[in-house]
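Coordinate analysis (summary)
Each chain is listed here by its residues.
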Amino acid sequence: MITITINGKEIKLEKPVTVLEAARANGIKIPALCAHEQLEKYGGCRLCLVEVEKMPRLQTSCTLTVADGMVIKTESENITKARRGVLEFLLINHPLDCPVCDKAGECELQDLVSKYGASAGRFKEEKRKTPESHEDRILARNMERCILCTRCVRMCKDVQGASALTIVERGGKSRMEPFSRESFNCEYCGNCHTVCPVGAILARPNIHNYRPWQIDREVETVCPYCGVGCSFILQVRDESIKRTIPKLGLGLNNGLLCSRGRWGYDFANNPERLKYPLIRKNGKLEQSSWDEALGLIVNKLQTIKNTQGGKAIAGIASPRCTNEDNYVFQKFLRTACQTNNIDSVSRLGFASAQRYFEDILGQGITANMIAGLKNSDVIIVLGGDPTAVNPILGLSVRAAARNGAKIVVIGNAKGLERFKTLKVTPPVFKEADVLEAVLSEIAKVKGPRGEKPAIDKRINELAGKYRTPEISGFNELKELLLSGKSVSIVLGTDIVQRTNGHKALFAVAGITYLLEARLYLLSERANEQGLIDMGCLPDALPGGRPLNINDFRKRFETSWGSSIPSDNGLTLMEIVDASRDKKIKALYVMGENPAFNIPNNPYVKEALSALEFLVVQDIFLTETAEIAHVVLPALSWSEKDGTYTNLERRIQRLRKAVNAPSGMEDWKIISEVSNRMGCKMQYRGTEEIIDEIADISPLYKGLTYDEITKGNCLWPYKGEPLRGVISEIPAAPEKSDDYKGDFYLVPEKLLFHSGTLSRRSSSLNRICPEPSLKIGEGHAQRLGLKDGDNVKIHASDGNLSIKISTDRYIKDNLVFISNNFEGRGVFSLLRYSLDPVTKAPGLEGCEIKIEKA
């Protein structure tokens, strides 16, 4: 125990820290402009000077480590004089433009000058002149205000890991500059903007928009984009979100944000929002009243249920909607509509993978803390780039690398190229073969664990099946895994989206099992885990309880006061097929856009057009809404209360920040339809829905909003996870295909976009305004192409004109297009074949030809 005294206050510390850290931890303020809680010691600004007994001169508290018995003063005449002198030096070149500076009111330099002076400058030389730069699409620079604290540079390099900024020139000409000069051309996380103590880095969407003291209210909530579930504060003025700001100590992101969380909030203010219900009349969608629209929905669903049975009705839930929305939605379908045909686009990857892993390894196998990645000594990344899909999780992988962890990338992950220890590039679409070979090699050394006989049996069947593949890095991969004491596996959906994806999933499960590794599933949308846990699956009830077990089903029937069909329903792709074959007559879509977000768009649109009745409730007129019979305006994430469950299975509060001019909460719309169909849902708010979930589901026993608000509502909560695993590993006949074409098209997960929601964000569209065909640099050169060239790609299902973007890290013959932009999504060109085990669509094998336009 270390005992020190600061300003007469005795402080006891368990471990050595800096004087500045000790003071801040005990509520004692020491001014500092270069020091920041997220950055390493620097000692550049000299404002944190303190007096230490028995030391002859003032000391910088941000670099001085405490020692037992140390006596410190943070305020004195000498200290004040020294700080005033430092501030006077800073003001030599700093412009006195506070009235027009956007940082005014929250500027650290302004606050310190107000407290310490100097009231007047003694230097007569002319201030430096550097033109303000507005050449970047999202960030502006005013280097006349820069005080060279280097917070931005250190944040970008040491925390974000992007290394996009540096200090150029020397002496009085020194300034911060992006390496790409005019434009930042970076990951646009905006974390440099967060830590800048003055108005040197500005957010262009907010310039001259408002002042901090004009904010009406601040609301803590959760990001609506990916499954990490970052927390931030929404600043609201005149019922409009002005900006999002992270906060140290708030949420698992702890003061950091990615580009989507930082800038993408403005989709909620988009003027194209739906404002009133629409009904198709004479082939056109026309404005309607709520009463007319709801009445039509009830009449159509009742008629179809009574004449065709509940199996003729299906529903698609949304990973953008809250737990409460999804719980009420599946309850409505199972009781009022008497159908278990309910699924979501999470079936394309996350839901399929998680179900497979939980079936053989146990419920909760993927419920691992993101912060735990930093403590790993070996991390395997495959199936996607975590720095693009789940950027804050990707930062944990980068942090682990800086801590000495070995990072192995199987496939492509551009955001980890400077952090990887090893990269293994499997033959195209043959990841499963490589992973099974790795598993076999590990099993030879480790032997069976004996805890799960089904897995041991299947691993034994694989052992000896594979020779060591002639792939660069295979032996190093095997040795790294065997030598690792704390192994983590980060898995993206690209691996799942294979016709034999279950083979790769078993290999990953086997490696996880033998090495007792932590398993992380990348999640592209905010509440994929939540909608699964709420029962938006064709074969499971809330809490993951199997539908076909009578005792579980009876419990829900008793609580809901209604029977529930006992047969498992159809999965997402089966719903599409059944719609096209006219076996499904009515489809209710809540907050989703299947016409765009499911592969083989033309086929899906044909299937949806074949429906007798299609209902869509959403906040925009999406591609799916355009062909619906009834469209209902819902509320955005910032306009309602509720909860999300992130990929760690952490339940977090979503809080209403603004009042919507129109629309209704999703759960409230569903409740109204259910009530009119005779199944009563008398909820007065989301808290009552959570109370019902806690009462009915053993997993959520005793769960309350108060518990969730505390911020540590983690798996398994206070409930009872489902015990047991399957006794036999499901398998399917082997398929062998040779992929010898020139190029194969696959989906790209963009850092700056997510689904179709982000295309409505003007800020994200500034950063990334259009799609591109990403191709390896060597392949582009061979075709005589360069960045920005227009090309035409030819696939068996269509053609697309698009610009190319070259990537020197892509070595195989895969080319990438995202599925975000209207009319130019990759899913319009990709057919699929179902994996017979996971029911996920296999997207491999789309051969294309590329020609210069």
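1. Details of the overall build of the protein
- In terms of helices and strands, the protein carries 25 helices and 36 strands.
- Here the protein has a C-alpha radius of gyration of 29 Å; the compact-globule value for 853 residues is 29 Å, and the two agree.
- Projected onto its principal axes, the C-alpha positions of the protein cover 90 × 65 × 60 Å.
- The buried share of the protein, reckoned over its 853 residues, is 62%.

2. Quick notes on the environment of Arg 57
- Topologically, Arg 57 is positioned in the loop between strand 3 (49–52) and strand 4 (59–60).
- Arg 57 sits in the exposed class, given a relative accessible area of 63%.
- A C-alpha to C-alpha distance of 44 Å links Arg 57 and Leu 234, two positions 177 residues apart in sequence.

3. Observations regarding the pattern of salt bridges
- The final tally for this structure, using the stated rule, is 55 salt bridges.
- Between Arg 458 and Glu 461 there is a salt bridge, with the nearest N and O atoms lying 3.2 Å from each other. Of the two residues, Arg 458 and Glu 461 are both situated in helix 13 (residues 453–462); the distance of three residues between them amounts to about one turn of the helix.
- The partly exposed category is assigned to Glu 461, whose relative accessible area is 47%.
- A salt bridge links Lys 554 to Glu 557; the shortest N-O distance between them is 3.6 Å. Pair noted here: Lys 554 and Glu 557 are both in helix 17 (residues 550–560), with a separation of three residues, about one helical turn.
- Residue Lys 554 is classed as partly exposed on the basis of its relative accessible area, which comes to 47%.

4. Side note on the nonpolar core
- Ranked by size, the top nonpolar core spans 113 residues in total, and within it Leu 301, Phe 332, Phe 357 and Tyr 588 carry the most contacts.
- Considering every element that reaches this core, the biggest residue donor is helix 15 (residues 501–515), with 10 residues.
- For this core, the two domains that each supply at least three residues are domain 3 (279–341 + 536–645 + 652–684) and domain 4 (350–437 + 447–514).
- If we ignore the near neighbours within four places in the chain, the residues touching Phe 357 are Gly 362, Ile 365, Thr 366, Leu 491, Leu 505, Val 508, Ala 509, Leu 519 and Leu 521.

5. Overview of the packing of helix 9 (residues 350–361) against helix 15
- It is at 10 Å that the axes of helix 9 and helix 15 come closest, and there the two elements cross at 45 degrees. When the axes of helix 9 and helix 15 are compared, the pair comes out oblique. In the packing of helix 9 onto helix 15, the handedness of the crossing is right-handed. Across the interface between the two elements, Ala 353, Tyr 356, Phe 357, Ile 360 and Leu 361 of helix 9 pack against His 502, Leu 505, Phe 506, Val 508, Ala 509, Thr 512 and Tyr 513 of helix 15.
- Residue composition of the contact of helix 9 with helix 15, by class: 10 nonpolar, two polar and no charged.

6. Quick notes on helix 12 (residues 431–446)
- With 16 residues, helix 12 should reach 22 Å at 1.5 Å per residue; the first-to-last C-alpha distance of 22 Å fits that figure.
- The buried count for helix 12 comes to 12 of 16 residues, which makes it a mostly enclosed element.
- Residues Glu 431, Ala 432, Val 434, Leu 435, Glu 436, Ala 437, Val 438, Leu 439, Ser 440, Glu 441, Ile 442 and Ala 443 constitute the buried set of helix 12.
- The inward-facing, buried residues of helix 12 contact strand 17 (378–382), strand 18 (406–410), helix 13, helix 14 (474–483) and helix 15.
- In the stretch just after helix 12, Gly 447 is the one whose phi turns positive, near 75 degrees.

7. Some points on the domain arrangement of the protein
- Domain boundaries assigned for the protein yield domain 1 (2–75), domain 2 (125–269), domain 3 (279–341 + 536–645 + 652–684), domain 4 (350–437 + 447–514) and domain 5 (743–852).
- Spacing between the C-alpha centres of domain 1 and domain 2 amounts to 28 Å.
- Listed as interface residues are 10 residues of domain 1 and, on the opposing side, 13 residues of domain 2.
- Here domain 1 and domain 2 share an interface that buries about 1,000 Å² over both sides, 61% of which is from carbon and sulfur atoms.

8. Focus on the sheet that holds strand 17
- With parallel pairing, the five strands of this open sheet are ordered in space as 19-18-17-20-21. If you trace the sheet from one side to the other, it starts and ends with strand 19 (422–424) and strand 21 (518–521), each paired once. Pairs of neighbouring strands in the sheet enclose a mean axial angle of 15 degrees, with direction left out of account.
- In terms of strand pairing, strand 17 meets strand 20 (residues 487–491) through five bridges, oriented parallel. For Leu 382, the partnering residue across the bridge sits in strand 20 and is Leu 491.
- Its contacts with the sheet put helix 15 on strand 17, strand 20 and strand 21, and the angle it makes with strand 20 is roughly 160 degrees.

9. Thoughts on the packing of aromatic side chains
- The final tally for this structure, using the stated rule, is 14 aromatic pairs.
- Taking the centre distance of 6.4 Å and the plane angle of 80 degrees together, the rings of Tyr 356 and Phe 357 count as edge-to-face.
- Note on Tyr 356: relative accessible area 5%, which makes it buried.
- Every member of this aromatic cluster is reached through a ring pair, and the members are Tyr 225, Phe 267 and Trp 637.
- In this arrangement the basic side chain of Arg 458 is found over the ring face of Phe 506, its NZ or CZ atom lying 5.9 Å from the centre.

10. Description of the side chain of Thr 686
- Along the chain, Thr 686 turns up in helix 22 (residues 686–696).
- Residues contacting Thr 686, with those up to four places away along its chain left out, are Glu 324, Asp 641, Gly 642, Trp 667 and Tyr 705.

Procedures and definitions
- Residues numbered from 1 in each chain as written.
- Predicted model: local features only at pLDDT ≥ 70, side-chain atom pairs only at ≥ 80, totals over all residues.
- Heavy atoms only, no water.
- Helix = DSSP H or I, 4+ residues; strand = E, 2+ residues; numbered from the N terminus.
- Rg over C-alpha atoms; globule rule 2.2 N^0.38 Å.
- Buried < 20%, exposed > 50% of the residue type's maximum accessible area, 1.4 Å probe, protein only.
- Salt bridge = Lys/Arg side-chain N within 4 Å of Asp/Glu carboxyl O.
- Core = buried A, V, L, I, M, F, W, Y, C linked by side-chain atoms within 4.5 Å.
- Domains from an automatic or database assignment.
- Contact = heavy atoms within 4.5 Å.
- Axes fitted to C-alpha atoms, helices over the stretch in contact; angles between N-to-C directions.
- Parallel < 35°, antiparallel > 145°, perpendicular 65-115°, else oblique.
- Left-handed = near helix turned anticlockwise from the far one by under 90°.
- Nonpolar A, V, L, I, M, F, W, Y, C, P; charged D, E, K, R; others polar.
- Expected span 1.5 Å × (residues − 1).
- Buried area = accessible area lost by both parts, 1.4 Å probe.
- Pairing = 2+ DSSP bridges.
- Phe/Tyr/Trp six-rings, centres within 6.5 Å; stacked < 30°, edge-to-face > 60°.
- Lys NZ or Arg CZ within 6 Å of the ring centre and 35° of its normal.

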